[in-house]
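Given next are the chains, with one letter for each unit.
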Amino acid sequence: MINQNKKFILIILTTIFLSLIYLYSNYYKVNPKAYITNQGDDNVSVVDLVSLKVIQTIKVGIAPLGITILNKKNLAFIGNVGTDDISVIDTRTDQIIKTIKLNTAPLSLTSSPDESKVYITDWFKNNVLVISVEEMKVIDSFKVGKTPSGIAFNKEYNYLIVTNRDSNSIEIYNKNKKLIKKLATGKHPFGVYTKGKYAYTANVYDDTVSVISLEDWSTKVIKVGAHPYNILTHQNLGLVTNTVDDSLSVIDLKIDKEIKQIKTGETPENLDIHQKLNLLVVTNWGSDSISVYSLKNLTLIKEIKTGAQSRSFGDFILH
Amino acid sequence: MRKFILALTTLLFSMSIFAHGPTPQKVQESITVNVAPARAWLTIKDFSDFKKIMKTRSFDDEIMKIKYEMLKTDGPFSDYNAYIIVKKGANDNESVIQWTARFYRTYKLNPPIPEGQDDATAVAAVKKIVKPGLARLKKALESK
């Protein structure tokens, strides 16, 4: 009898202890969120991806465009092309904790896999700037080709990849900032995406996507909708925003062909996914909103009003 | 004096806005016409003014939207894409026509930006197309 009582008390204590741990961990845990740069409003809309509501609006510099999220460090880096600086947001509190002056327009941003560095394309002076996340300042820069637009980091090869919009090319740098390959793409490559052995560019002027093998440098071109802006891949699908068609092209990467188009808001520009929540989010520059789709069957779940000229060029979902 | 300082500050502030990179610009204007949406849409679909200089990108009868691209621009802007949408007005015989344009300034390289090739000039030029364009459209629709 005494033994049973002891057992009972032990169970109760364990339950209380576990609930406390649960409550504590939840206090510091935030829901996955999307950070939307509204270039016309000089702010960022924070969208809770569970409730699908805008939960906060953060004032940043003028004309925010590019973004990258550091999930492990709970930080969002926002590039303001009007004030030539970076707003750093703590994603736990959604407050700006630092503004980093650049003296040049930051077009796009990405981070190293260990999140110790943020790389920024400097459109005007044809540089890539390197920010130390620990020091929160620019610690290095190096020359790249003309009009660097999109930027992405390939984990598999440790390559930094840059598109040169006005010279119709893609450049691949190794971790010592050495250019190891420059290849032709379609006309006007803007967004770039990389995963595994491939890099992908969206070529605005000739309505195509270039697929570049980082293994043997072979390239192929796939026809998509009008004026594609950015791309990402999920399983065997490529998803591309077509700014003039107000649609997403869905590409079957096994046969390198567009298999269908899905309606978006006006002038869709950029996109990101949250695999666990099974969501695809597209920013609509024209309708000042985001469209949220089920990643599984690509059906629209909700269109959410954000702010004037929603863009979010880069990865913008906090996991 | 205070007014002068205010004006100067505003001017400097707006100049810094226009100094930034090639950012797509947006002009959005609406006009209310005393014509039923379905009728307005039919007329807009074959509005002759468009066909001379525009390439129609798409028609959507369901939501009454036309998208077009300007093929050649003599104005101080480039990469012009726009759409016109007809929405319901306050009553059955009223429609709201909304015109939205996306375009860039002509100069896309490093600052300093040459005079007349900046964002402000481009926006002003497109406004000069959109506003009178809508007024002409209203007149054409209401006189029919």
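On a predicted model such as this, the values are computed, not experimentally measured, just so you know.

Peer 1: Just to check I follow, could you spell out the overall build of chain A for this structure?
Peer 2: Check the secondary structure of chain A and you find one helix and 29 strands. Relative to the 2.2 N^0.38 estimate, which gives 20 Å for 319 residues, the radius of gyration of chain A is 21 Å and therefore close to what a compact globule would have. In terms of principal-axis extent, the alpha carbons of chain A reach across some 80 × 45 × 40 Å. Out of the 319 residues belonging to chain A, those deemed buried represent 47%. Here the contacts in chain A between residues at least 6 apart in sequence split such that 40% fall between residues at least 24 apart.

Peer 1: Hey, could you run me through the overall build of chain B in this one?
Peer 2: The secondary structure content of chain B amounts to four helices and five strands. Sequence-distant contacts, at least 24 apart, represent 58% of the contacts inside chain B between residues at least 6 apart.

Peer 1: Hey, could you run me through the nonpolar core in this one?
Peer 2: Nonpolar side chains in soluble globular proteins tend to be buried together. Counting 72 residues, the largest nonpolar core has Y35, F77, I161, V209 and V281 of chain A as its most contacted members. In this view, F77 of chain A contacts I67, T68, I86, V88, L109 and V118 of chain A; residues no more than four positions away in its chain are not counted. Core analysis: the next-biggest nonpolar cluster, separate from the first, contains 25 residues, V33, I66, F77 and Y83 of chain B among them.

Peer 1: Whenever I open this one, the sheet that holds strand β24 (residues 268–274) of chain A confuses me. Can you help?
Peer 2: Two modes of strand pairing occur in sheets, parallel and antiparallel, and in both the strands are linked by backbone hydrogen bonds. Residues and elements named next belong to chain A. One open sheet accounts for four strands, arranged β24-β25-β26-β27; its pairing is antiparallel. If you trace the sheet from one side to the other, it starts and ends with β24 and β27 (300–305), each paired once. The sheet shows a mean angle of 20° between the axes of neighbouring strands, taken without regard to direction. As defined by bridge partners, strand β26 (residues 289–294) adjoins β27 across five bridges and the pair is classed as antiparallel. The residue bridging I290 from the neighbouring strand is I304, located in β27.

Peer 1: Would you mind showing me how to read the sheet that holds strand β3 (residues 53–59) of chain A here?
Peer 2: Residues and elements named next belong to chain A. In spatial order, the strands read β3-β2-β1-β29; together these four strands make up an open sheet with antiparallel pairing. Two strands bound the open sheet, and with one partner strand each, they are β3 and β29 (317–318). Of the strand pairs in this sheet, strand β2 (residues 43–48) and β3 are connected by six bridges, and their pairing is antiparallel. If you follow D48 over to β3, its bridge partner there is K53.

Peer 1: I tried to follow the environment of T104 of chain A on my own but got confused; where do I start?
Peer 2: All names here are of chain A. Note on placement: T104 falls in the loop between β7 (95–101) and β8 (106–111). The sequence separation of T104 and D84 amounts to 20 residues, and the corresponding C-alpha distance is 5.0 Å. Each residue touching T104, except ones within four places of it in the same chain, is listed here: D84, D122, F124 and K125.

Peer 1: Hey, could you run me through the confidence of the model for chain B in this one?
Peer 2: Note: predicted coordinates in regions of low pLDDT should not be interpreted at a detailed level. Residues and elements named next belong to chain B. The predicted model of chain B averages 81 in pLDDT, with 79% of residues at 70 or higher. Ranking the elements of chain B by mean pLDDT puts helix α1 (residues 2–18) last, at 48, and strand β1 (residues 25–33) first, at 95. The ipTM, which scores confidence in the relative placement of chains, is 0.74 for this predicted complex, and the corresponding pTM is 0.85.

Peer 1: Sorry, what's going on with the interface of chain B and chain A here?
Peer 2: Accessible area lost upon the coming together of the parts serves often as the stated size of an interface. Counting from both sides, the interface comprises 16 residues of chain B and, opposite them, 17 residues of chain A. Breaking the side of chain B that touches chain A down by element, the ones donating at least two residues are α1, β3 (65–70), β4 (77–88) and β5 (95–105) of chain B. Across the side of chain B that touches chain A, the residue classes tally to four nonpolar, seven polar and five charged.

Peer 1: Where do I start with the environment of K137 of chain A in this structure?
Peer 2: All names here are of chain A. With respect to the helices, strands and loops of the structure, K137 is situated in strand β11 (residues 137–143). For K137 and I86, which are 51 residues apart along the polypeptide, the C-alpha to C-alpha distance reads 9.8 Å. The residues touching K137, leaving out its near neighbours within four places in the chain, are I100, I131 and S132.

Peer 1: I keep staring at helix α2 (residues 37–45) of chain B and nothing clicks. Help me out?
Peer 2: Residues that lie three or four places apart on an α-helix share one face, since the helix turns once every 3.6 residues. Residue and element names in this part refer to chain B. Turning to α2, its buried residues number three or more, namely A40, W41 and I44. For α2, the angular spread of buried residues about the axis comes to 100°, placing them on one side. Buried residues in α2 make contact with β1, β3, β4, β5 and α4 (119–143).

Peer 1: Teacher, can you tell me more about α4 of chain B here?
Peer 2: When the terminal C-alpha atoms of α4 of chain B are compared, their 36 Å separation across 25 residues agrees well with the 36 Å that a helix rising 1.5 Å per residue should span. Within the sequence span of α4 of chain B, burial applies to D119, T121, A122, A125, V126, G133, L137 and L141 of chain B.

Rules behind the numbers
- Residues numbered from 1 in each chain as written.
- Chains lettered and ligands numbered in written order.
- Predicted model: local features only at pLDDT ≥ 70, side-chain atom pairs only at ≥ 80, totals over all residues.
- Helix = DSSP H or I, 4+ residues; strand = E, 2+ residues; numbered from the N terminus.
- Rg over C-alpha atoms; globule rule 2.2 N^0.38 Å.
- Buried ≥ 20, exposed ≤ 12 C-beta atoms within 10 Å, placed from the backbone.
- Contact = placed C-beta atoms within 7 Å.
- Core = buried A, V, L, I, M, F, W, Y, C linked by C-beta atoms within 7 Å.
- Pairing = 2+ DSSP bridges.
- Axes fitted to C-alpha atoms, helices over the stretch in contact; angles between N-to-C directions.
- pLDDT = per-residue confidence, 0-100.
- Nonpolar A, V, L, I, M, F, W, Y, C, P; charged D, E, K, R; others polar.
- Arc of directions from axis to C-beta.
- Expected span 1.5 Å × (residues − 1).

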